Amino acid sequence: MNMEEEQPQQHQHQEQHQHQEQHQDQEPQQSEGGPAEKHEVPPVQLSKRALKRQLRQAKMAADRPQYLERRKEKRKEVRERAKLRYKAQIQEAEVSGDQEKVRDLRAAKRRRRNRQAPSPEAVHVVFDCQFEHLMADKEIISLHRQLQYCYHHNQELAQQCKMSFTSFGGKLEERLKLSHYEQWPGVETHQTSFDQVFDRQQMVYLTAESENTIHTLDPTKLYIIGAVVDKNRHKGMCEKLAVESAISTARLPIQEHIDMKARVVITVDQVFLILAKLYNGSSMAEALAAAMPTRKGWELKDDETQTEPPAQLEQTCTQATHGEPSSVLVPKGAQV
């Protein structure tokens, strides 16, 4: 009797043990679908490029105090070299008896120090800043520097241009705040688009692909420069924008005056400097020579190499500013 009673009991214990194991195996499966259990989200796998960028940004943040100190010392050295260069230029002009050059050098230094605003009748240059979404962070930084150069070029001129930034905001504004753009005399900023701020009949959008050419500036016109650094990725963008906005367009006669060994691509500040030099009495050839970088390996053509006679050029420009808009776009950094 004892042996027969023990065998059913052993079978019961084995069945209970198997049932517990099955229940334990089923618990995770039931808990996975249950609302009570929360599972951790697997970490996002960064690409090699993103990981390198993250490490580089962390290193830059750690080294920033040393970078600021080096930049302070470098700026001090630049100021000292500028002082020595100014004194050398003054001495050279005095030795040669060129009193006019002495007056010009001293007047330029006073203008940089006084930072005066341009006259109300000055030529107006508008920077169209609506292309920030098309640029990478490093390109926005480059554009910020180019706009700084534009302001400093303007301050050194005897006749300064009026400057306006339209569609202004975002990261570009944050960077320009570091340069204290609010204190720049003669510079206006507008958050809205240029066609909502100014009269379209007065606008001329500078683009590289326009069929119209300018050789002199009209003080009654507003000259618009596309403020974008895109390495020529968006070719034709400003042309399309100007045509859709029914705005006249024109291009700078770079190929008519300069023989370029490389592509005709210039930056925002170089386009502005050409306009500013024209406004201050320089010829188109002189303005282009002052603005074009020497590393491009260009040569100035003779004035007789123009492809069109001056009368025809004037007529073309008049049609650009009063007739229907035509194709438009600009060079590299600046869509001009």
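As a starting point, this report considers the structure included with it.

Cut-offs used in this document
- Residues numbered from 1 in each chain as written.
- Predicted model: local features only at pLDDT ≥ 70, side-chain atom pairs only at ≥ 80, totals over all residues.
- Heavy atoms only, no water.
- Helix = DSSP H or I, 4+ residues; strand = E, 2+ residues; numbered from the N terminus.
- Contact = heavy atoms within 4.5 Å.
- Phe/Tyr/Trp six-rings, centres within 6.5 Å; stacked < 30°, edge-to-face > 60°.
- Buried < 20%, exposed > 50% of the residue type's maximum accessible area, 1.4 Å probe, protein only.
- Patch = residues over 30% accessible without salt bridge, like charges linked within 9 Å, V, L, I, M, F, W, Y side chains within 5 Å.
- Areas by Shrake-Rupley, 256 points an atom, 1.4 Å probe, with all protein chains shown as cover.
- Salt bridge = Lys/Arg side-chain N within 4 Å of Asp/Glu carboxyl O.
- Pairing = 2+ DSSP bridges.
- Right-handed = clockwise from strand over helix to strand, strands pointing away.
- 1 Å grid on protein atoms, 1.4 Å probe; cavity = no way out; pocket = protein on both sides within 12 Å on 5 of 7 lines; lining within 4 Å.
- Points joined across faces, edges and corners; volume = space filled by probe spheres on them.
- Axes fitted to C-alpha atoms, helices over the stretch in contact; angles between N-to-C directions.
- Left-handed = near helix turned anticlockwise from the far one by under 90°.
- Core = buried A, V, L, I, M, F, W, Y, C linked by side-chain atoms within 4.5 Å.
- Parallel < 35°, antiparallel > 145°, perpendicular 65-115°, else oblique.
- Nonpolar A, V, L, I, M, F, W, Y, C, P; charged D, E, K, R; others polar.
- Arc of directions from axis to C-beta.

## Notes on the overall build of the chain
Looking only at helices and strands, one finds 10 helices and nine strands in the chain. Considering only contacts within the chain whose residues lie at least 6 apart along the sequence, 79% involve residues at least 24 apart.

## Some remarks on the packing of aromatic side chains
The tally for this structure, following the rule as stated, stands at six aromatic pairs. Aromatic pair Phe 127 and Phe 272: ring centres 5.9 Å apart, planes at 40 degrees, arrangement tilted. Remark: Phe 272 occurs in helix α8 (residues 268–279) and Phe 127 occurs in strand β1 (residues 124–128); sequence separation between them is 145 residues. Considering the side-chain rings of Tyr 151 and Trp 184, the 4.4 Å spacing of their centres and the 5 degrees angle between planes classify their relative orientation as stacked. Taken together, the positions of Tyr 151 in helix α4 (residues 137–155) and Trp 184 in the loop between α5 (170–178) and β3 (187–189) put the pair 33 residues apart, joining distant regions of the chain. Note on accessibility: Tyr 151 and Trp 184 belong to one class, buried. Among the aromatic residues, ring-to-ring pairing joins Phe 127, Phe 165, Phe 168, Tyr 181 and Phe 272 into one connected group.

## Things to note about a nonpolar patch on the surface
A cluster of nonpolar residues, Leu 46, Leu 51 and Leu 55, forms a patch on the protein surface that exposes about 280 Å² of accessible area. Examined against the element boundaries, Leu 55 turns out to sit in helix α2 (residues 48–96). Note on Leu 55: relative accessible area 56%, which makes it exposed.

## A few points about the pairing of strand β2 (residues 162–166)
As a general feature of sheets, a regular strand has side chains that alternate between the two faces. The buried fraction of β2 is high, at four of five residues. Bridge count between β1 and β2: five bridges; the pairing is parallel. Paired with Phe 127 across the two strands is Phe 165, which belongs to β2. Remark: the β1/α4/β2 crossover connection has right-handed handedness. Here three bridges tie β2 to β3, and the two strands are oriented parallel to one another. Looking across to β3, one finds that Phe 165 is bridged to Thr 189. The parallel pair β2 and β3, bridged by α5, forms a crossover whose chirality is right-handed.

## Looking at the layout of surface pockets
The space that makes up the largest pocket amounts to roughly 2400 Å³. Arg 71, Arg 75, Arg 145, Gln 148 and Ser 179 are, among the 45 residues lining the largest pocket, the residues nearest its centre. The set of elements that each furnish at least two residues to the lining of the largest pocket consists of α2, α3 (99–114), α4 and α5. The dominant element in the lining of the largest pocket, judged by the number of residues it contributes, is α2, at 21 residues.

## Let's talk about the environment of Cys 150
Its location among the elements puts Cys 150 in helix α4. Under the relative-accessibility criterion, Cys 150 is labelled buried at 0%. Residues Cys 150 and Phe 272 lie 122 residues apart in sequence; the distance between their C-alpha atoms is 6.4 Å. Ignoring sequence-local partners within four residues, the contact set of Cys 150 consists of Phe 127, Met 163, Val 268, Asp 269 and Phe 272.

## Description of the packing of α8 against helix α9 (residues 284–291)
For the pair α8 and α9, interaxial distance at closest approach is 8 Å and the crossing angle is 145 degrees. Crossing angle aside, the handedness with which α8 passes α9 is right-handed. Only Met 284, Ala 287, Leu 288, Ala 290 and Ala 291 of α9 make contact with α8, whose side of the interface consists of Gln 270, Leu 273, Ile 274, Lys 277 and Leu 278.

## Regarding the nonpolar core
Ranked by size, the top nonpolar core spans 64 residues in total, and within it Phe 127, Phe 165, Tyr 205, Ile 225, Phe 272, Ile 274 and Leu 275 carry the most contacts. Looking at which element gives the most residues to this core, the answer is α8, with nine residues. Grouped together as the second largest cluster of nonpolar side chains are five residues, Ile 90, Ala 93, Val 102 and Leu 105 included.

## Structural notes on the packing of α4 against α8
Between α4 and α8, whose axes approach to 8 Å, the crossing angle comes to 20 degrees. The orientation of α4 relative to α8 falls into the category roughly parallel. Here the hand of the crossing between α4 and α8 comes out right-handed. Together, Leu 143, Gln 146, Leu 147, Tyr 149, Cys 150, His 153 and Asn 154 of α4 and Val 268, Asp 269, Phe 272 and Leu 273 of α8 make up the contact between the two elements. A class-by-class count of the residues in the contact of α4 with α8 yields seven nonpolar, three polar and one charged.

## Quick word on α9
Counting along an α-helix, one turn takes 3.6 residues, and residues three or four places apart therefore face a common direction. Buried residues of α9: Met 284, Ala 285, Ala 287, Leu 288 and Ala 291, and no others. Within α9, the buried residues cover an arc of 165 degrees as seen down the axis, which keeps them to one side. Elements in contact with the buried residues of α9: α7 (254–257), β7 (258–259), α8 and β8 (299–300).

## Regarding the pattern of salt bridges
By the definition in use, this model includes five salt bridges. The shortest N-O distance in the salt bridge between Lys 59 and Asp 63 comes to 2.9 Å. Linking Lys 59 with Asp 63, this pair stays in helix α2, spanning four residues, or about one helical turn. Since its relative accessible area comes to 56%, Lys 59 is described here as exposed. Note that Lys 171 is salt-bridged to Asp 137, the shortest N-O span being 2.8 Å. Of this pair, Lys 171 sits in helix α5 while Asp 137 sits in helix α4; the two residues are 34 residues apart in sequence, bridging distant segments of the chain. The class for Asp 137 is partly exposed, based on a relative accessible area of 47%.

Purely spatial values, then, with no claim about function.
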